[in-house]
Amino acid sequence: MITAKFKQWSCWVKLERYPADNSIAIRLIDENDSSPIAIATVCLIQHGLTPPEGHCYIKNYSENKGILDALTEAGVVEPTGETVSFGYVEAHVCRVLID
């Protein structure tokens, strides 16, 4: 299983799918006690946005600040350099590198 270091946690990276649009969801789970640490992605179907196949929207703000760097360093995602805006924030469009 792929691991990533996010803030003070060493985490397992778990890929799932959002039921609303079948886009990729990425969860981080604490390696020590299996508690949920963060959901790295955001589903934006309610804003009329769906990422291209094999891509996701990374939430790198608020409590998730720094998660994009953690997932990039772990080889989980590759930022495309694009962002999508919704509300007062934006999400990073990333290609997912793992299955």
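Residues numbered from 1 in each chain as written. Predicted model: local features only at pLDDT ≥ 70, side-chain atom pairs only at ≥ 80, totals over all residues. Heavy atoms only, no water.

Asker: It is not clear to me how the sheet that holds strand β6 (residues 77–86) should be interpreted in this structure. Could you clarify?
Answerer: Strands belonging to one sheet form pairs held by backbone hydrogen bonds; the direction of such a pair is parallel or antiparallel. What the three strands build is an open sheet, ordered β5-β7-β6; its pairing is antiparallel. Looking along the sheet, the strands with just one partner apiece sit at the ends: β5 (55–58) and β6. Pairwise comparison of adjacent strand axes, ignoring direction, gives a mean angle of 30° for this sheet. Pairing analysis gives seven bridges linking β6 to strand β7 (residues 89–96), with the strands arranged antiparallel. Looking across to β7, one finds that Val-84 is bridged to Ala-91. (Pairing = 2+ DSSP bridges. Helix = DSSP H or I, 4+ residues; strand = E, 2+ residues; numbered from the N terminus. Axes fitted to C-alpha atoms, helices over the stretch in contact; angles between N-to-C directions.)

Asker: Just checking my understanding: could you explain the pairing of strand β1 (residues 3–6) for this structure?
Answerer: On any regular strand, side chains alternate: one points to one face of the sheet, the next to the other face. Only one face of β1 is covered, namely the one carrying Ala-4 and Phe-6; the face carrying Thr-3 and Lys-5 has none of its residues buried. Inspection of the sheet shows β1 paired to strand β2 (residues 9–17) by four bridges, in the antiparallel sense. If you follow Phe-6 over to β2, its bridge partner there is Trp-9. Linkage of β1 to β2, two consecutive antiparallel strands, is achieved through a turn of two residues, within which Lys-7 is found at a positive phi near 55°. (Buried < 20%, exposed > 50% of the residue type's maximum accessible area, 1.4 Å probe, protein only.)

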